[in-house]
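Here is what each chain is made of, one letter per residue.
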Amino acid sequence: PSIILMIILLFVNTDKFKIENIFLIFGLVIGGLYIAVIPIGGIPDENMHWYKSYEVSLGHFISDKDEDNHGGRTMDKNLIYVLTNDNESAHRVNEPDFTIDSYEDWQKRYKENINKEDGEEFFEFSNTAIYPAVCYIPQALGIAVSRIFSDSLMVQAYCARVGNLLAYIAIMWYAIKNVPFKKMVILVASFLPITFQEITSMSIDGLLIATSTLLISYTLYLTFDEKNKNEKLKIKDYCILILTGIFTAITKVVYLPLCLIIYIIPKTKFKDVKQKYIVLTLILVLITILDLFVVINSMGYENKIADPKADTFEQIKEIIKDPIGFSKVIVATANNFAESHTYEIFGNSLSWMD
């Protein structure tokens, strides 16, 4: 579908049809196809995002811990029946029979989901328990709304995906609408297959992509838009910059430096140069404090899912201790995996890389 869209765009008169509206129409159509084709749990880590989304939908904004400090919560034991077996089988990676096996497994899960069991059990999702609940608002809303008309956990899981997609579409539409130039660049990037896989799952990556893009596009709008170049920043502008900056930083700590982009906003938007740097620095300090709060809170959870060598905080320590060695790792990664990673961007290894 993404390739078909690119071909269509070659013949679309963008003077007659606004690019953001093209995105809106095709985003909903293609997003619906992705949701329908890839079974629940057929995307990396979606099981963990499902548990966290369900937890937030119940009104629990901070995850519990077991006796070993692994993040999770005691919930309906039938939650697992929504997921495909593909999600639990690492050996399935790179096997070519995903579609047939997942469809058969989906039928099995559907039958198990209808015949519910009584009781609850502790679900461990330590790798998503560390994320703030705000990252799961669209998914949780989808689940909560679906409970009004259905008690099927499978229906609720698909509604969580729909909620994630709609949030992405709305935010990205606004980002494309406001960016003063190169709208087509954002449009093409937003329709990459790997992007759509994430935004149509229950992952937080889709919302992160959308909010970080809006942060960039709105900053460019305030900086380069000719119609409003002499206007001072309004409350609306501050709210958008602060909210997108906060969400971008607290979702993934490595995105915090992206918030420095707000410093390109010209001094003409403020009373004087002094006010510009005071106000923008205060915004950045606020974002950093909230980011540190989230990081400190996440350190209270033990992650038994991730490889010990993949521990984020240990990696950061090693990078600080040996920046030259880290630079060598980056170069080696680019040298060995640049080709395969490029193919993956365009959909070579969707789902569980199969």
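Located above this text is the structure these notes cover.
Before going into details, it helps to say that this report is about the structure given with it.

Here is what the cut-offs are and how they apply
Residues numbered from 1 in each chain as written. Predicted model: local features only at pLDDT ≥ 70, side-chain atom pairs only at ≥ 80, totals over all residues. Heavy atoms only, no water. Pairing = 2+ DSSP bridges. Helix = DSSP H or I, 4+ residues; strand = E, 2+ residues; numbered from the N terminus. Contact = heavy atoms within 4.5 Å. Axes fitted to C-alpha atoms, helices over the stretch in contact; angles between N-to-C directions. Buried < 20%, exposed > 50% of the residue type's maximum accessible area, 1.4 Å probe, protein only. Core = buried A, V, L, I, M, F, W, Y, C linked by side-chain atoms within 4.5 Å. Patch = residues over 30% accessible without salt bridge, like charges linked within 9 Å, V, L, I, M, F, W, Y side chains within 5 Å. Areas by Shrake-Rupley, 256 points an atom, 1.4 Å probe, with all protein chains shown as cover. Salt bridge = Lys/Arg side-chain N within 4 Å of Asp/Glu carboxyl O. Lys, Arg positive; Asp, Glu negative; His and termini not counted. Charge placed at Lys NZ, Arg CZ, Asp CG, Glu CD. Expected span 1.5 Å × (residues − 1). Bend = angle between axes of the 7 residues up to and from the residue. Parallel < 35°, antiparallel > 145°, perpendicular 65-115°, else oblique. Left-handed = near helix turned anticlockwise from the far one by under 90°. Nonpolar A, V, L, I, M, F, W, Y, C, P; charged D, E, K, R; others polar. 1 Å grid on protein atoms, 1.4 Å probe; cavity = no way out; pocket = protein on both sides within 12 Å on 5 of 7 lines; lining within 4 Å. Points joined across faces, edges and corners; volume = space filled by probe spheres on them.

Turning our attention to the sheet that holds strand 1 (residues 64–65). With antiparallel pairing, the 3 strands of this open sheet are ordered in space as 1-2-3. Unpaired on one side and paired on the other, strand 1 and strand 3 (120–124) mark the two borders of the sheet. Bridge count for strand 2 (residues 71–76) against strand 3 is 5 bridges, and the pairing is antiparallel. The residue bridging Thr-74 from the neighbouring strand is Phe-122, located in strand 3. Against the sheet, helix 3 (residues 46–57) makes contact with strand 1, strand 2 and strand 3, and its axis sits at roughly 70 degrees relative to strand 2, the strand it touches most.

Of note in this structure, Asp-45 is not a glycine but carries a positive phi near 70 degrees. Take Asp-45: it is sitting in the loop between helix 2 (19–37) and helix 3. Located in the positive-phi region is Lys-182, a residue other than glycine, with phi close to 55 degrees. Tracing the chain through its elements places Lys-182 in the loop between helix 7 (153–178) and helix 8 (183–190).

Bringing the side chain of Thr-223 into the picture now. Positionally, Thr-223 belongs in helix 10 (residues 205–224). Residue class for Thr-223 comes out buried when judged on its relative accessible area of 17%. When residues no more than four places from it in sequence are discounted, the contact partners of Thr-223 are Ile-264, Ile-265 and Pro-266.

One finds Phe-23, Trp-50, Tyr-51, Leu-79, Met-172 and Ile-262 to be the most contacted residues of the largest nonpolar core, which totals 64 residues. Put simply, the parts of the chain that give this core at least two residues each are helix 2, helix 3, helix 7, helix 8, helix 9 (193–199), helix 10, helix 11 (235–251) and helix 12 (273–298). When residues in this core are grouped by element, the largest group, 11 residues, is from helix 7. Setting aside residues up to four positions removed in sequence, Leu-79 forms contacts with Trp-50, Tyr-51, Tyr-54, Phe-123 and Leu-153. In terms of nonpolar packing, the next biggest core, distinct from the first, is built from 10 residues, Val-56, Ala-133, Ala-140 and Phe-247 among them.

We now examine the pairing of strand 2. Where strand 1 and strand 2 come together, 2 bridges link them in antiparallel fashion. Directly across from Lys-65, in strand 2, lies its bridge partner Gly-71.

Okay, a positive patch on the surface next. There is a patch of like positive charges on the surface, built from Lys-18, Lys-177, Lys-227 and Lys-236. You can see Lys-227 is positioned in the loop between helix 10 and helix 11. On the basis of relative accessible area, Lys-227 is assigned to the exposed category, the value being 76%.

So, about the pattern of salt bridges. Per the counting criterion, the structure on display carries 7 salt bridges. Put simply, Arg-73 and Asp-64 hold a salt bridge, and the shortest N to O gap is 3.1 Å. A relative accessible area of 8% places Arg-73 in the buried class. A salt bridge links Glu-231 to Lys-234; the shortest N-O distance between them is 2.5 Å. With a relative accessible area of 43%, Lys-234 lands in the partly exposed category. Because the salt bridges share partners, they merge into one network encompassing Lys-52, Glu-55, Asp-64 and Arg-73.

A few words on helix 2. The terminal C-alpha atoms of helix 2 lie 26 Å apart, and with 19 residues this matches the ideal 27 Å at 1.5 Å per residue to within 8%. Residue Gly-27 marks the point of greatest curvature in helix 2, where the axis turns by about 25 degrees. Buried within helix 2 we find Ile-19, Glu-20, Ile-22, Phe-23, Gly-27, Ile-30, Gly-31, Tyr-34 and Ile-35.

A few words on the packing of helix 7 against helix 8. At a closest axis distance of 9 Å, the pairing of helix 7 and helix 8 adopts a crossing angle of 160 degrees. In terms of axis orientation, helix 7 runs roughly antiparallel to helix 8. Along this stretch, helix 7 crosses helix 8, giving a crossing that reads as right-handed. Counted together, Tyr-168, Met-172, Ile-176, Lys-177 and Asn-178 of helix 7 and Lys-183, Ile-186, Leu-187 and Ser-190 of helix 8 form the full contact between these two elements. For the contact of helix 7 with helix 8, the residue count by class is 5 nonpolar, 2 polar and 2 charged.

Here we take up the layout of surface pockets. By volume, the second largest pocket is sized at about 480 Å³. If you go around the second largest pocket, you meet 14 residues; those closest to its centre are Ile-194, Glu-198, Asp-205, Lys-252 and Tyr-255. Broken down by secondary-structure element, the contributors of at least two residues to the lining of the second largest pocket are helix 9 and helix 10. Here the residues of the lining of the second largest pocket are counted per class, giving 7 nonpolar, 3 polar and 4 charged.

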